[in-house]
Amino acid sequence: MDLITTFFNIDVLRQAAPLLLRGFWLTILLGLTSLVISLSLGLVVVLIRLYAPKPIRFLAIAYIDLFRALPLLVLLILVYYALPFVGIRLSSFWAATAALSLVASAYMAETFRAGIEAVPRGQFEAAQTLGFSWPRMMADIILPQAMRLVVPPTTGVSIGLIKDTALASVVAMPDLLKQATQTQAFYANPSPLVGAALLYLILLLPLVRLVSVLEARQKRSR
Amino acid sequence: MSQNPASTSGTDPIITMRKVEKHYQNFHALRDVNLDVRRGEVIAIIGPSGSGKSTLIRCINRLETISSGEIVVDGAKVEEGKNLAFVRAEVGMVFQQFNLFPHMSVLRNVAIAPIRVRGIPKAEAEKRARQLLERVGLSDHVDKYPDQLSGGQQQRVAIARALAMEPLVLLFDEPTSALDPEMVGEVLDVMQSLAATGVTMLVVTHEMGFARRVADRVVFMEAGQIIEQGAPNDLFDNPQTDRARAFLSAIMHGD
């Protein structure tokens, strides 16, 4: 058996393609859903973490610490296999979305915090002096500056999140990796796995490059 | 204008500070500060670094909280709650470091607060912003961003931004201290023309020439206390306290 027919078997790939693409689509959907939720949740958590009254602030700190410490795979299995015992039964898609969003939002919150804390105090004072209410100050003055600062690290966290969607195959979600392992077993040929790897690269390589470009641009504008 | 603070009792002062004390942990930043500011009055606050000048004006719009005593601005006690929004809308501030919003154009910097805080329609706020920028001599720079301007230009934008809220009182916290020497004049000129419009101004400054020329009253502070105050010519030419005399002779020799 030569290398080509083993790892890049065109016939197998052609037959597996519809399933792989369906899996790819699901991976993208899972990644985007979790991304939107974790960005919003991360923003809420960081604002509580920084500005809520003390007792509530500690809850946000506990949240951030907990979900950064807990392995994603463990959380995913807990959500999918343990929650049904208390009557919460999530589909594999929503179980994966929940686990991914909880963990990613904790990282997002910490990333955002670095950005908000990097905005000079004078910006807060100028806004307050002009009479801005707190929500308006955050929305118009502070967050736009903070978010600009954290675009590269936030993109980095997003890349990690999309990569971690592959873990969803563990809870029987027919994502890209799951489709690939199933078709590999069916055809007794590893080409679908190689195909899946290539699809992951097509999705993520541009994003990885983007982070580097953004970081370089930010360094130059300093 | 009358320059004797004792003679202001007839008109209600726009700012009253009574027995104001301010502590930072174990540092006593303001000690028994009492000050009445009349409407339209221009006050220069001078004194050595760390004497509490900036802290004093920062307490007026509650960028710093006071430990005890009372500050009243235009009838409203300065405290957390509803009054604070009122006070901050009436009191504008210009900072040493300008603190322009770097992600907004010059025009947006000046128009944003009227739009967001006062709810003025965008077109109207921008029209007014252009007028203000013209008044500070920056008509050609409305579409630039703060980092494209010199320090003196940035500070003039900051003054226009504060004016856009039509404040009754303007606080200046060492507005020329961060500027290159050749840009100090353009900012002082704008401030001097403002003083003539009747807006109440409290200016923390090291520019003694400006204080003498423009202020109605000069307040000398040291170690968190108001040591002496009076008309500029009186205080500069004939200081009554040793400390004011020592400070003034030190800076005059420094020149």
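Rules and cut-offs
Residues numbered from 1 in each chain as written. Chains lettered and ligands numbered in written order. Predicted model: local features only at pLDDT ≥ 70, side-chain atom pairs only at ≥ 80, totals over all residues. Heavy atoms only, no water. Helix = DSSP H or I, 4+ residues; strand = E, 2+ residues; numbered from the N terminus. Contact = heavy atoms within 4.5 Å. Pairing = 2+ DSSP bridges. Salt bridge = Lys/Arg side-chain N within 4 Å of Asp/Glu carboxyl O. Buried < 20%, exposed > 50% of the residue type's maximum accessible area, 1.4 Å probe, protein only. Polar contact = N/O pair within 3.5 Å; in protein donor to acceptor, adjacent residues only side chain to side chain. Bend = angle between axes of the 7 residues up to and from the residue. pLDDT = per-residue confidence, 0-100. Buried area = accessible area lost by both parts, 1.4 Å probe. Phe/Tyr/Trp six-rings, centres within 6.5 Å; stacked < 30°, edge-to-face > 60°. Core = buried A, V, L, I, M, F, W, Y, C linked by side-chain atoms within 4.5 Å. Patch = residues over 30% accessible without salt bridge, like charges linked within 9 Å, V, L, I, M, F, W, Y side chains within 5 Å. Areas by Shrake-Rupley, 256 points an atom, 1.4 Å probe, with all protein chains shown as cover. Expected span 1.5 Å × (residues − 1). Axes fitted to C-alpha atoms, helices over the stretch in contact; angles between N-to-C directions. Parallel < 35°, antiparallel > 145°, perpendicular 65-115°, else oblique. Left-handed = near helix turned anticlockwise from the far one by under 90°. Nonpolar A, V, L, I, M, F, W, Y, C, P; charged D, E, K, R; others polar.

Asks: Could you give an account of the environment of leucine 214 of chain A, naming the residues involved and the relevant values?
Replies: All names here are of chain A. Secondary-structure assignment places leucine 214 in helix α10 (residues 191-221). In this structure, the C-alpha to C-alpha distance between leucine 214 and threonine 155, residues 59 residues apart in sequence, is 9.5 Å. Here leucine 214 is in contact with Val151, Pro152 and Thr155, once residues within four sequence places are set aside.

Asks: Break down the pairing of strand β10 (residues 225-230) of chain B for me, citing the residues and quoting the values.
Replies: One face of the sheet, then the other: side chains in a regular strand alternate in exactly this way. All names here are of chain B. In this structure, strand β9 (residues 217-222) lies alongside β10, joined through five bridges in antiparallel fashion. Each residue of the ladder has a partner; that of valine 219, found in β10, is glutamine 229. Connecting β9 to the antiparallel partner β10 that follows it, the hairpin turn spans two residues, and alanine 223 within it adopts a positive phi of roughly 50°.

Asks: Describe the pattern of salt bridges, with residues and values.
Replies: Inspection of every chain in the model, using the stated rule, returns 22 salt bridges over all chains. Measuring nitrogen to oxygen at the nearest pair gives 3.0 Å for the salt bridge that ties glutamate 64 of chain B to arginine 58 of chain B. Classification of glutamate 64 of chain B by relative accessible area gives buried; the value is 12%. A relative accessible area of 8% places arginine 58 of chain B in the buried class. In the salt-bridge network here, residues are joined through shared partners; they are Arg121 and Glu125 of chain A together with Lys22, Arg58 and Glu64 of chain B.

Asks: Go over the side chain of aspartate 175 of chain A with me, naming the residues and quoting the values.
Replies: Positionally, aspartate 175 of chain A belongs in the loop between α8 (151-164) and α9 (176-187). Here the side chain of aspartate 175 of chain A touches lysine 178 of chain A through a polar contact of 3.0 Å, landing on its backbone nitrogen.

Asks: Could you give an account of helix α7 (residues 134-149) of chain A, with specific residues and numbers?
Replies: Residue isoleucine 142 of chain A marks the point of greatest curvature in α7 of chain A, where the axis turns by about 45°; the proline proline 144 of chain A follows within four residues. If you check which residues of α7 of chain A are buried, you get Met137, Met138, Asp140, Ile141, Ile142, Leu143, Gln145 and Ala146 of chain A. At its buried positions, α7 of chain A is contacted by α2 (10-51), α5 (92-118) and α6 (121-129) of chain A together with α3 (106-118) of chain B.

Asks: Please set out the confidence of the model for chain B residue by residue, giving values where relevant.
Replies: Averaged over every residue, the pLDDT of chain B is 91; residues scoring 70 or more account for 95%. Across residues 1-10 of chain B, where pLDDT falls below 50, the model places 10 contacts with residues more than four positions away in sequence or in other chains.

Asks: How would you sum up the sheet that holds strand β4 (residues 68-73) of chain B? Please name residues and give values.
Replies: All names here are of chain B. Taken in spatial order, the four strands of this open sheet run β2-β1-β4-β5, and their pairing is antiparallel. For this open sheet the edge positions go to β2 (27-37) and β5 (76-77), each flanked by a neighbour on one side alone. Pairing of strand β1 (residues 15-24) with β2 involves seven bridges; the strand directions are antiparallel. Of the residues in β2, the one forming a bridge with isoleucine 15 is valine 37.

Asks: Could you give an account of the interface of chain B and chain A, naming the residues involved and the relevant values?
Replies: Taken together, the 21 residues of chain B in the interface contact 17 residues of chain A. A per-residue breakdown of the area chain B buries against chain A is headed by Phe101, His103 and Arg116 of chain B, which together make up 35% of the total. One can count two salt bridges joining chain B with chain A. When the shortest N-O distance is used, the salt bridge between arginine 58 of chain B and glutamate 125 of chain A registers 2.6 Å. Counting every contact that joins chain B to chain A gives five residue pairs in polar contact (both at pLDDT 80 or more).

Asks: How would you summarise the packing of aromatic side chains if you had to cite specific residues and measurements?
Replies: We describe a pair of aromatic rings using the distance from one ring centre to the other and the angle between the two ring planes. Residues and elements named next belong to chain A. Counted under the stated rule, the structure contains six aromatic pairs over all chains. Between the aromatic rings of tyrosine 63 and phenylalanine 67, the centroid separation amounts to 4.9 Å while the plane-to-plane angle is 70°, which identifies the pairing as edge-to-face. Taken as a pair, tyrosine 63 and phenylalanine 67 lie in helix α3 (residues 54-69) at a separation of four residues, close to a single helical turn. Across the pair, phenylalanine 67 and tyrosine 63 agree in class, each one buried.

Asks: Can you lay out the nonpolar core for me, pointing to particular residues and giving the numbers?
Replies: Ile15, Met17, Ile45, Leu56 and Leu202 of chain B are the most contacted members of the largest nonpolar core, which has 76 residues in total. Here this core takes 11 residues from α5 of chain A, the largest share from any one element. Sequence-distant contacts of methionine 17 of chain B, that is, excluding residues within four places in its chain, are made with Val33, Asn34, Leu35, Asp36, Leu56, Ile60, Glu70 and Ile71 of chain B. Ile115, Leu138, Met191 and Ala244 of chain B belong to the second largest nonpolar core, which has 53 residues in total.

Asks: I'd like a description of the pairing of strand β3 (residues 42-46) of chain B, backed by residues and values.
Replies: All names here are of chain B. Across the five residues that make up β3, a large majority, five, are buried. Here β3 shows two buried faces, one formed by Val42, Ala44 and Ile46 and the other by Ile43 and Ile45. As paired elements, β3 and strand β8 (residues 200-204) share four bridges and run parallel to each other. Bridging from a neighbouring strand, alanine 44 pairs with valine 203 of β8. Where β3 and β9 come together, four bridges link them in parallel fashion. Bridging from a neighbouring strand, isoleucine 43 pairs with arginine 217 of β9.

Asks: Describe a nonpolar patch on the surface, listing the residues and the values that go with them.
Replies: Residue and element names in this part refer to chain A. On the surface, Leu3, Ile4, Phe7, Phe8, Leu198, Leu201 and Leu205 cluster together into a nonpolar patch covering about 670 Å² of accessible area. Contributions of two or more residues to the nonpolar patch are made by α1 (3-7) and α10. Within the secondary structure layout, leucine 198 lies in helix α10. Given a relative accessible area of 43%, leucine 198 falls into the partly exposed group.

Asks: Quick one: what's the story with α2 of chain A, residue by residue and with numbers?
Replies: All names here are of chain A. A rise of 1.5 Å per residue sets the reference length of α2, with its 42 residues, at 62 Å; its end C-alpha atoms lie 57 Å apart and thus fit the reference within 8%. For α2, the principal kink sits at alanine 17 and spans about 50°; a proline, proline 18, occurs within the next four residues. The opening residue of α2 is asparagine 9, an N-cap whose side-chain oxygen sits 3.1 Å from the backbone nitrogen of aspartate 11.

Asks: Requested: an account of the packing of α2 of chain A against α9 of chain A, with residues and values cited.
Replies: Packed helix pairs are specified by the crossing angle of their axes together with the interaxial distance, meaning the distance between the axes. All names here are of chain A. Following both chains from N to C, one finds α2 and α9 inclined at 160°, their axes separated by 7 Å at the closest point. When the axes of α2 and α9 are compared, the pair comes out roughly antiparallel. The handedness of the crossing between α2 and α9 is right-handed. Seen from α2, the contacting residues are Val12, Gln15, Ala16, Leu19, Leu20, Gly23, Phe24 and Thr27; seen from α9, they are Leu176, Gln179, Ala180, Thr183 and Tyr187. Within the contact of α2 with α9, the residues separate by chemical class into eight nonpolar, five polar and no charged.

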